[in-house]
Amino acid sequence: MVSVPQNNVSVLKVSYTVRERLGPWWDISSYHKKWTRQILKDVSFHIESGQIMGILGNSGSGKTTLLDAIAGRLSHKSNFVGQVYVNGHELHQDQFQDCFSYVLQNDTLLSYLTIEESLTYIALLALQKHSCDSIKKKVDAVMAELRLSHVANSVIGSRILGGISEGERRRVSVAAQLLQDPQVMLLDEPTTGLDCMTANQIVMLLSELAQKGRIVIITVHQPRSELFQVFNKICIMSFGELVFCGGPSDMITFFESCGYSCPEHSNPFDFYVDLTSVDTQSKVRELETYSRVQTISTAYKSSELFLNTLEAIEETKCKVKDLPPIPFKCKDSPDSFAKLWILLRRITRNFSRDKVGLIMRLSQNLLFGLFMAFFLLRLSDDLLKGAVQDRVGFIYQCMSAPPHTGILNALALFPALRAVGDQESKDGLYQKWHMLLAYVLHFLPFSVISVALFSIFIYWTVGLHPAASSFGYFFAAVTVPHIVGELLTLVFLGVIQNPNVVNGGVGLLNVAGVLVGSGLVRSLEDMPTAFKMLSYLTFQKYGSEILIVNEFSGLKFTCGGLSNISTGVEASCPFSHGTQFIERNFPGAGSRFTTDFLLLYAFLPALITLAIISFKIRDITILR
Amino acid sequence: MELQDTIFCSEDDNSLYFTYSGKSNVLEVRNLNYQVDVASQIPWYQKLSELKMPWTYDTDPNSHVRAIQNLTFKIKSGQMLALIESSACRRTSLFDVITCRDHGGKIVSGQVLINGKPSTHQLVKKCIAHVRQDDRLLPNLTVRETLLFIAKLRLPKTFSESEREKRVEEVIAELRLRQCANTKVGNEYTRGVSGGERRRVSIGVQLLWNPGILIFDEPTSGLDSFTAHNLVITLSRLARGNRLVLLSVHQPRSDIYQLFDLILLMTSGATIYCGAAQDMVQYFEEIGYPCPTYSNPADFYVDLTSVDRQTEETKMESLQRASSLAALFHEKVKHFDDFLWKNRSEDDENTVSISTDLSPPFVSEELINMNSHSTDQLPGWFQQFTVLLSRQVSNNVRDLSALLIRGFEALLMSLLIGFLYYGHGKTRLSIQDTSALLYMMGALIPFTVVFEGITKCHSERVVLYQDLEDGLYPIGPYFSAKVLGELPEQCVLVIIYGIPIYWLANLSPESEHFFLNLLFFMFGTCCARTMALWISALLPTMQISAFFGNMLYTTFFLSGGFLISLQNLWTVPSWISKVSFVRWCFEGLMQVQFTGLTYTMNSGNVSYSVSGKLVLRAMDLDSHPLYAICLILAGISTGFLILYYLSLRFINQKSNQDW
């Protein structure tokens, strides 16, 4: 205990406001008025190593916002007034995430990994410079500390899958933070959603962590009376104000001095929180209860306890030199490449356990192929039997369906990863785009295999051009739309939260792309200039040109059983050779074959870059 | 206690709201044994997703769990029974049995009697309000609107408009919802009121109606302690107003515990204690488990009887303790007629204070006359329909962003296709281009409609199936309100979509053709929407619905007669094309545009004219006259509507499944 440096965290006169609209949009007069809501009002406290502090209060009292303020994660920093000191130093913006570890209310964990694997991957991301042995030791130690060793090899699971219990899941979240040896831990409602026994166990565990020299600050919802003595400090918040902050025994004496003594058989937490609540049943009750809260908070502001706190803060500010430096978390994170490699392994390990997902991803293109084969059976060469129409229809489907399956893939898999990435990038483990890029690397082989299965099946079934090289070109050209569909979805998922909206948006974009770009439903020549320009931006243009050239260039048509068509015999048999069709509808496409391929494949790096940019924007836009 | 009165609202008003004037109710559970088959609770699609095929479903003996063992009790109006169960899982099964909502369980022996009659769906709908654990509310209505709509549906005809509003205000005040009464309810994607407030709105929905028996699943979880306490005060006042209140609680605080009058303590299905709350400590003292001072008796005894799963040893030990306690209790209450434990020594004083004191103290003659039973009727079919219609429309209109997105989408599509086939240039559109344009026009808007329809229905279905379970309204009014409520929006969309496209592409300038064109759009979207309604009522989850919808639409799309020529379809797809609304829509649009037109074609140096009729014949699109096509399209959408009605009527989707 002696060797542990004495750290402290002080919060001085912190206030925070947000501007809100008064009414909903259909109530125009009140919609245009805005009002300022005070979420935190002049909050100050001081806490030292080895202490655990519980923040109590009703919903809407500002508990979570206070925690966000300490962790430097508020959404509108401009409305924030006040200082947070660690060992007397005021923190810079970029120091917050390296100093505090913050466990959020909802656990974001990958559901197919075991506890040990999850922790090991996080350890690898956080402490790459350590040897494998020391990482293993670290993980084992943390699991032992949080009593997870006996379930180390259980799969985490999710709400649907089942898996480890809620309490264990919560402990894994805490363990993930402990890997970095933080000196200050913040936890938002760690006991919510757990049954009472598990909740108690978690708080006891946290207090043990605090006793080992850490600072632990948690917000708690209805703690049980047994925990009253566990907390070193208890804060009660009401309407953004700190009504009381101090030790358990101080609490009883303080409220007694205000004239409210806690009855013997009731839970002091509940009693004091109720005492400082505002009842909104009626205006009269509201005023009555609000004035009681005001009386108590004024009494606290003038109490010795509060003055001592302020004094302690001033003291640490003066003694900055004598105090240890800011206790940063252990941070030897590896370079970007190593991070990507670890993330890729983690994602692959996770999804490789999802059997259904794997089968779906590999077979959905094939399923779609079966569907097409059902309608087309076998392409004929007879113009009167729709040789051209059917081929064009087939190519249209090949351009519009694979992107769609790509969208479905990305929507099924990526949102879970995105949630993990959001969380862990806030902990400073890596950037959001690392996760994105790792996912892209992960899905590429699957996409290629899936399209290969589709191509092999459909190509020979419907009877396209039988040359092996033609098949190769076909496969190469259909792979890109599938991958592009997935990448486009990722771009949108970066900036739009709701997956359903993304689904609709990308789906429409895909349809529009086929219409404008492919030249199959409207020949490019006849389009207005603006659309012609626009079509150069669509991958469908290049893709369908390749497919058209590939299929039509060696083709000979018959007309009603006659293999030789004398010119102008019938209006319905305008051409005898595929090349004529190409020249009429896609002039010059034959000579652009290589260029088309290059441009088509250029979409992949371009979209990956765009997706990275979109996730950079996400860094800025996402709040909490 | 005096201090408590100053913190919490003292009960000064005994308003009309809190007194129930119907005849008193008795709920009796006799020797109930209830078995739950865990495996059958997992729906088929979830099993399928875990790669378990239907033929491997053979029943696993371990999956049968005795959820309730030998439960017997009898309570009557004026009493409030709190169910405290220590094992976290399957806490709600008792209430499921009482309300006849068994999810894969079956009653092995014993029965549940309401006023002496075995409980049935009909009886439950009439006299029990059940607040479920999860919140199922329409996200875009405000708190006050939500309650007002329910008030209009649920309160008997005799209530005047102002009485209904007054009732809503009372409930809002009682549940401390005043400050958020005009805020949207919201859900995970739309910002709205907080989780605790949403919980209270769900409770309010049932309190409004306020029948003789009220059942609450975990009303206090997720609420902060202060509101929870106030809520339980409200419930106990309701009970004293001659109602029967049943609630389950999880970790009750000591002050809440003091408000209960009867307690049923269960662990893994076995009854440990059932009787007056204030006698519980004494009972356990008598059998050798005194409650230590300064601790909450509820917490202490829950911990005592709960199964500690940390290690195998503690698990066995605690299980054994629980079963011996249960046996002991069974022995002790055998002699009482209501199977509630009573303290014999002070029998007279204590029980009197429970049963007689709590019976309705202030039911005046006047009240009884006011709410006599003959007038206790729900609003009629037409009124239900209008209320549902206005609820539907308000919920849609409030969601501004969704409306704007949809309108914008339609406009964008229209402009895109319109400019793509810009027809004001030097030459008119060729036959090929015109038919492509007509096909795309007719096929694209239904595509978006199908998906929006499915997503929307699935977001609303939790509310729908809960309301149906509660018997709030029958299927008829909902069906009509749902179908009609979306028509105006659909008309606006079709107009936004249809006008720019028609003008830009420079199609036939006759007004008659233009309106026929819009009519076919309308038919197309109608068919798509009714198809979406049917699919989402037919299939259990949104993913499955979306997948099936996609398949079905693609089938219709491919057999639509443009991408693959109709003559080339082999037998089965050509049957499909007979019911493909995309094909009929295309045929109609083509006939409108091409009949009576002649095209001049150039082939080499020869130019010859082709009549529109010939084009139609070549594409096999002249099989039926225009009016017949209209009839066929109307028939298809009616067909979907019938299927939708049948699915609603006969396929009972569980309201709690969405993932």
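Throughout, residues of each chain are indexed from 1 in the direction in which the sequence is written. Numbering of ligands from 1 and lettering of chains from A proceed in the order in which they are written. Per-residue local features of the predicted model are confined to residues with pLDDT of at least 70, and side-chain atom pairs are confined, for both listing and counting, to 80 or more; whole-chain, interface and lining totals are unaffected and use all residues. Water and hydrogen atoms were dropped before computing side-chain values, which therefore reflect all heavy atoms in the structure.

Our working rule: UniProt positions are given in the numbering used here, feature names are shortened, and annotations may be inferred rather than shown by experiment.
The name given to chain B in an unreviewed UniProt entry is ATP-binding cassette sub-family G member 8, with Eublepharis macularius as the source organism. According to the UniProt record, the Cofactor (unreviewed entry) comment for chain B reads "Mg(2+)". Under the Subcellular location (unreviewed entry) heading, UniProt states for chain B: "Apical cell membrane".

Per an unreviewed UniProt entry, chain A is named ATP-binding cassette sub-family G member 5, and its organism is Eublepharis macularius. Among the UniProt annotations of chain A, the heading Subcellular location (unreviewed entry) holds the following wording: "Membrane". Heading Sequence similarities (unreviewed entry) of the UniProt record for chain A holds this comment: "Belongs to the ABC transporter superfamily. ABCG family. Eye pigment precursor importer (TC 3.A.1.204) subfamily."

1. Some thoughts on the overall build of chain B
Worth spelling out the cut-off: Helix and strand definitions here come from DSSP, where helices need a minimum of 4 consecutive H or I residues and strands a minimum of 2 consecutive E residues; each element is numbered from the N-terminal end. Residues are treated as being in contact if the distance between any of their heavy atoms lies within 4.5 Å. We get accessible surface area from the Shrake-Rupley algorithm with a probe of 1.4 Å; when it comes to residues, only the shown protein chains can shield them.
Counting secondary structure elements, chain B contains 26 helices and 12 strands. By sequence separation, contacts in chain B at least 24 residues apart represent 78% of the contacts at least 6 residues apart. When the accessible area of chain B is evaluated, it comes to approximately 27800 Å², of which 58% is carbon and sulfur surface.

2. Observations regarding helix H12 (residues 297-305) of chain B
Residue and element names in this part refer to chain B. Applied cut-off: For the exposure calls, accessible area comes from a 1.4 Å probe over protein chains only, and a residue counts as buried if that area is under 20% of its type's maximum, exposed if over 50%, partly exposed in between.
With respect to burial, H12 is a largely interior element, seven of its nine residues being buried. All buried positions along H12 are accounted for by Pro-297, Ala-298, Asp-299, Tyr-301, Val-302, Leu-304 and Thr-305. Residues of H12 that are buried sit in contact with strand E3 (80-85), helix H10 (254-257), strand E9 (262-267), strand E10 (270-276), helix H11 (277-286) and helix H13 (312-333).

3. A few points about the pairing of strand E9 (residues 184-187) of chain A
Residues and elements named next belong to chain A. Definition in use: Two strands qualify as a pair provided DSSP detects at least 2 bridges between them.
Burial of E9 is two-sided: the residues Val-184 and Leu-186 facing one way and the residues Met-185 and Leu-187 facing the other way are all buried. Pairing analysis gives four bridges linking strand E6 (residues 100-103) to E9, with the strands arranged parallel. Counted as the bridge partner of Tyr-102 is Leu-186 from E9. Direction of pairing for E9 relative to strand E10 (residues 215-219): parallel, over a ladder of four bridges. Across the sheet, Leu-187 pairs through a bridge with Ile-218, a residue of E10.

4. So, the environment of Thr-638 of chain B
Residues and elements named next belong to chain B. As for its position among the elements, Thr-638 is in helix H26 (residues 626-650). For Thr-638, a relative accessible area of 40% corresponds to the partly exposed category. Between the alpha carbons of Thr-638 and Cys-526 there is a distance of 9.4 Å; along the sequence they are 112 residues apart.

5. Looking at the packing of aromatic side chains
Residues and elements named next belong to chain B. Convention followed: Any two of the Phe, Tyr and Trp rings considered here, Trp counted by its six-membered ring, make a pair once their centres fall within 6.5 Å; the pair's planes then place it as stacked at under 30 degrees, edge-to-face at over 60, or tilted in between.
Per the stated rule, a full pass over the model turns up 61 aromatic pairs over all chains. With a centroid separation of 5.6 Å and 50° between ring planes, the pair formed by Phe-447 and Tyr-553 is classed as tilted. Placement of Phe-447 in helix H18 (residues 431-470) and of Tyr-553 in helix H22 (residues 542-558) is noted, with a sequence separation of 106 residues between them. Accessibility classification places Phe-447 together with Tyr-553 in one group, the buried group.

6. Comments concerning the interface of chain B and chain A
The line we're drawing: Note on definitions: buried area is the accessible-area loss of two parts on being combined, 1.4 Å probe, summed for both. In the sections that follow, a salt bridge refers to a side-chain nitrogen of Lys or Arg positioned within 4 Å of a carboxyl oxygen of Asp or Glu. Any N or O atom pair separated by 3.5 Å or less is treated as a polar contact, with the protein-specific requirement of one donor-capable and one acceptor-capable atom, and with residues adjacent in sequence counted only for side-chain atom pairs. Residues were grouped as follows: Ala, Val, Leu, Ile, Met, Phe, Trp, Tyr, Cys and Pro as nonpolar; Asp, Glu, Lys and Arg as charged; and all remaining residues, including Gly, as polar.
The partner chain A presents 70 residues to the 78 residues of chain B that form the contact. Carbon and sulfur atoms supply 61% of the area that chain B and chain A bury against each other, a total of about 6800 Å² over both sides. Run the count over chain B and chain A and you get one salt bridge. At the boundary of chain B and chain A, one finds four residue pairs in polar contact (both at pLDDT 80 or more). In terms of residue count, helix H17 (residues 400-420) of chain B provides more of the side of chain B that touches chain A than any other element does, eight residues in total. For the side of chain B that touches chain A, the per-class residue count stands at 39 nonpolar, 24 polar and 15 charged.

7. Quick notes on the environment of Asp-181 of chain A
All names here are of chain A. Position of Asp-181 among the secondary structure elements: in the loop between helix H6 (166-178) and E9. Spatially, the C-alpha atom of Asp-181 lies 33 Å from that of Asp-270, the residues being 89 residues apart in sequence. Polar contacts involving the side chain of Asp-181 include one to the side chain of Lys-138, which spans 2.9 Å.

8. Brief notes about the UniProt feature "transmembrane region" (unreviewed entry) in chain A
The UniProt entry lists residues 358-377, 436-460, 472-493, 505-524 and 597-615 of chain A under the feature "transmembrane region" (unreviewed entry), expressed in the numbering used here. Structurally, residues 436-460 of chain A comprises 100% helix and 0% strand, and the distance from its first C-alpha atom to its last is 36 Å.

9. Brief notes about the UniProt feature "transmembrane region" (unreviewed entry) in chain B
Residue and element names in this part refer to chain B. Mapped onto the present numbering, the UniProt feature "transmembrane region" (unreviewed entry) falls at residues 403-424, 436-454, 514-539, 551-570 and 626-646. For residues 403-424, the helix share is 82%, the strand share is 0%, and the end-to-end C-alpha distance is 32 Å. Along residues 514-539, the helical share is 96% and the strand share 0%, with 38 Å between the first and last C-alpha atoms.

10. Quick notes on empty space enclosed by the protein
In this approach a probe as big as a water molecule rolls over the atoms, and the regions it shows empty are the leftover space. Residue and element names in this part refer to chain A. Formally: Definitions used for this entry: grid spacing 1 Å over protein atoms alone; cavity, a set of points where a 1.4 Å probe fits but cannot get out; pocket, an open set with protein on both sides within 12 Å along at least 5 of 7 lines; lining residue, one with an atom within 4 Å of a point. Grid points are joined across faces, edges and corners, and a volume is the space filled by probe spheres set on the points.
In this model, the largest cavity occupies a volume close to 190 Å³. For the largest cavity, the lining is made up of 17 residues, of which Ser-173, Ala-176, Gln-177, Gln-423 and Asp-427 are closest to its centre. Only E6, H6 and helix H14 (387-426) provide two or more residues apiece to the lining of the largest cavity. At three residues, the largest contribution of residues to the lining of the largest cavity is made by H6. Of the residues in the lining of the largest cavity, the class split is seven nonpolar, six polar and four charged.

11. Considering the side chain of Ser-450 of chain A
Residue and element names in this part refer to chain A. Within the fold, Ser-450 resides in helix H15 (residues 432-462). Using a relative accessible area of 1% as the deciding quantity, one classes Ser-450 as buried. Only 3.4 Å separates the side chain of Ser-450 from the backbone oxygen of Arg-361, close enough to count as a polar contact. Excluding its chain neighbours within four sequence positions, the residues that come into contact with Ser-450 are Arg-361, Leu-362, Asn-365 and His-482.

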